[in-house]
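Coordinates in review
The lines below spell out each chain.
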Amino acid sequence: MNRLTTSWADLRLTRFPEDPRDPLRAWDAADEYLLNHLTERFPGGLPGAGTGTVAVVGDRWGALAASLAAHAPVPLVQIGDSYLGRRATLANLARAGAEDGAVRLLTTRDTPPERIDLLLVRVPKSLSLLEDQLHRLAPALHPGTVVVGTGMVKEIHTSTLGLFERLVGPTRTSLAVKKARLIHATPDPGLSRGPNPWPYRYELPADAPGGVAGRPVVNHAGVFCADRLDIGTRFFLNHLPTGLDGARVVDLGCGNGVLGLAVALAEPGAELLLTDESYQAVASARDTFRAAAPDARARFEVGDGLADAPAGSADVVLCNPPFHSHQATTDATARRMFREARRALRPGGELWVVGNRHLGHHVTLKRIFGGCRVVAGDPKFVVLRAERR
Ligand SMILES: C[S@@+](CC[C@H](N)C(=O)[O-])C[C@H]1O[C@@H](n2cnc3c(N)ncnc32)[C@H](O)[C@@H]1O
């Protein structure tokens, strides 16, 4: 099921972390459509002989990079925002037998290549991330650059095409194949794009709880709730733990860092770790702290939950787990975050979680921690606390 066969390669692909019970594939019809299109369009091989670069943006689990790695004239560049996606790409490249250095893995925060001959864009879920990336990549495009986007029909909106039109040049779409579509854009060097609106900075509302009212928050494109305070986060801010002087506190899945910021301001003696699997999120949290709490004792790390944290290294973990993507994946992610939090906590340490009531996090916490208590609740949200025994 995870086998992707095209004229470029015959691959067995996995997501990260690998889970044999995970029924979800590591590639989809949008990846396949793009790869088949490239075969027809470039029968003599990919363009860019010696001069420029093939860049792949938003390649979810590395299906595109692993397929094309051996065919790019100079090292192919993959640009992504997800640590999990990067780990999957590395595993998929290794399994495909790709040579060391065949692919340069860049994050969305790295300086993009100077010149791109072929730009492949797997349309991201976040329109703002696409906007930011096209702004950052536009200077590397030239009139001969071939730009092809791909996505499932439900992921490509008029606004998506509008961004290509406005930031790259004249844009058209293909017919749909297996519910996927391609986007063809022709770079127009005469375009006036205006400035990149990202990162977006705003001040937290005057009625925001937790001592953060009026504080600036910096949001890089694609970060969770980039233009306002999320209502679940707001609820959590009202009920954060206190008495954290000297405590090692983790903001797990930190997004723009607003929960960690509240702890830093209320508890200057706390030692904070803010961590997320999104490079854009960790950059946002770091910049939020630079703007709002420059003297806080805080570290910022990209990673898969607390998988790399030493056992017993945290006293308190705060978590507003993801809830947006595919339900099965999201539950699995929350479960994994809770399990890793338990391992990272010292005995007697606590995991504090906010969530929509209907998500039933109390059941998962009970299974992992042996129990949990309700700190606060309203008709929509609940804050739970589970102690590592
Ligand atoms: C609901 S948002 C919460 C953001 C922020 N803490 C807040 O309350 O506004 C969940 C966050 O978890 C992050 N995330 C998802 N999977 C993750 C993982 N495996 N490890 C670390 N962070 C993850 C997402 O990138 C996202 O920033």
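Residues numbered from 1 in each chain as written. Predicted model: local features only at pLDDT ≥ 70, side-chain atom pairs only at ≥ 80, totals over all residues.

In the annotation of an unreviewed UniProt entry, the entry for the chain reads Ribosomal RNA large subunit methyltransferase G, and the organism field reads Streptomyces pyxinae. Quoted verbatim from the Catalytic activity (unreviewed entry) field of the UniProt record, the comment on the chain reads "guanosine(1835) in 23S rRNA + S-adenosyl-L-methionine = N(2)-methylguanosine(1835) in 23S rRNA + S-adenosyl-L-homocysteine + H(+)". Of the comments in the UniProt record for the chain, the one headed Subcellular location (unreviewed entry) reads "Cytoplasm". (UniProt positions renumbered as here; feature names shortened; annotations may be inferred.)

Section: the overall build of the chain
Helix and strand counts for the chain come out as 10 helices and 18 strands. Its C-alpha atoms give the chain a radius of gyration of 22 Å, within 12% of the compact-globule value 21 Å for 389 residues. Taken along the three principal axes of its C-alpha coordinates, the chain extends 65 × 45 × 40 Å. Per-residue burial for the chain yields a buried fraction of 49% across its 389 residues. Within the chain, residue pairs in contact and separated by at least 24 positions form 71% of the contacts whose partners lie at least 6 positions apart. (Helix = DSSP H or I, 4+ residues; strand = E, 2+ residues; numbered from the N terminus. Rg over C-alpha atoms; globule rule 2.2 N^0.38 Å. Buried ≥ 20, exposed ≤ 12 C-beta atoms within 10 Å, placed from the backbone. Contact = placed C-beta atoms within 7 Å.)

What about the nonpolar core?
Core analysis: the biggest nonpolar cluster contains 63 residues, and Val263, Leu272, Val317, Leu318, Ala341 and Leu351 have the highest contact counts within it. Among the elements that take part in this core, helix 8 (residues 279-292) stands out by supplying 7 residues, more than any other. Filtering out sequence-adjacent residues up to four positions away, Val263 remains in contact with Leu240, Leu244, Val249, Ala270 and Leu272. Within the second largest apolar cluster, 55 residues are counted, among which are Val56, Leu76, Leu130 and Val146. (Core = buried A, V, L, I, M, F, W, Y, C linked by C-beta atoms within 7 Å.)

Some words on the sheet that holds strand 8 (residues 171-173)
Read from one edge of the open sheet, 7 strands run 5-4-3-6-7-9-8, paired in mixed fashion. Each edge of the sheet is formed by a strand with only one pairing partner; in this case those strands are strand 5 (103-107) and strand 8. On average, each strand axis in the sheet is inclined to that of its neighbour by 20°, with strand direction left out of account. Inspection of the sheet shows strand 3 (residues 53-57) paired to strand 6 (residues 116-122) by 5 bridges, in the parallel sense. Looking at strand 6, one finds that Val54 is bridged to Leu118. Each of strand 6, strand 7 (146-152) and strand 9 (180-185) is contacted by helix 1 (residues 29-41), which is oriented at about 150° to strand 7, the strand it contacts most. (Pairing = 2+ DSSP bridges. Axes fitted to C-alpha atoms, helices over the stretch in contact; angles between N-to-C directions.)

Let's talk about the domain arrangement of the chain
Domain boundaries assigned for the chain yield domain 1 (3-185) and domain 2 (200-387). The centre of domain 1, based on its C-alpha atoms, is set 32 Å off from the matching centre of domain 2. When contributions to the side of domain 1 that touches domain 2 are tallied by element, the ones reaching two or more residues are helix 3 (83-95) and helix 4 (127-137). Ranked by the residues each element gives to the side of domain 1 that touches domain 2, the list is headed by helix 4, at 4 residues. For the side of domain 1 that touches domain 2, the class distribution of residues is 6 nonpolar, 5 polar and 4 charged. (Domains from an automatic or database assignment. Nonpolar A, V, L, I, M, F, W, Y, C, P; charged D, E, K, R; others polar.)

Some details on helix 4
Counted residue by residue, helix 4 has 9 buried out of 11 residues, so it is predominantly covered. Within helix 4, the full set of buried residues consists of Ser128, Leu129, Leu130, Glu131, Asp132, Gln133, Leu134, Arg136 and Leu137. Elements in contact with the buried residues of helix 4: strand 3, strand 6, helix 5 (158-167) and helix 8.

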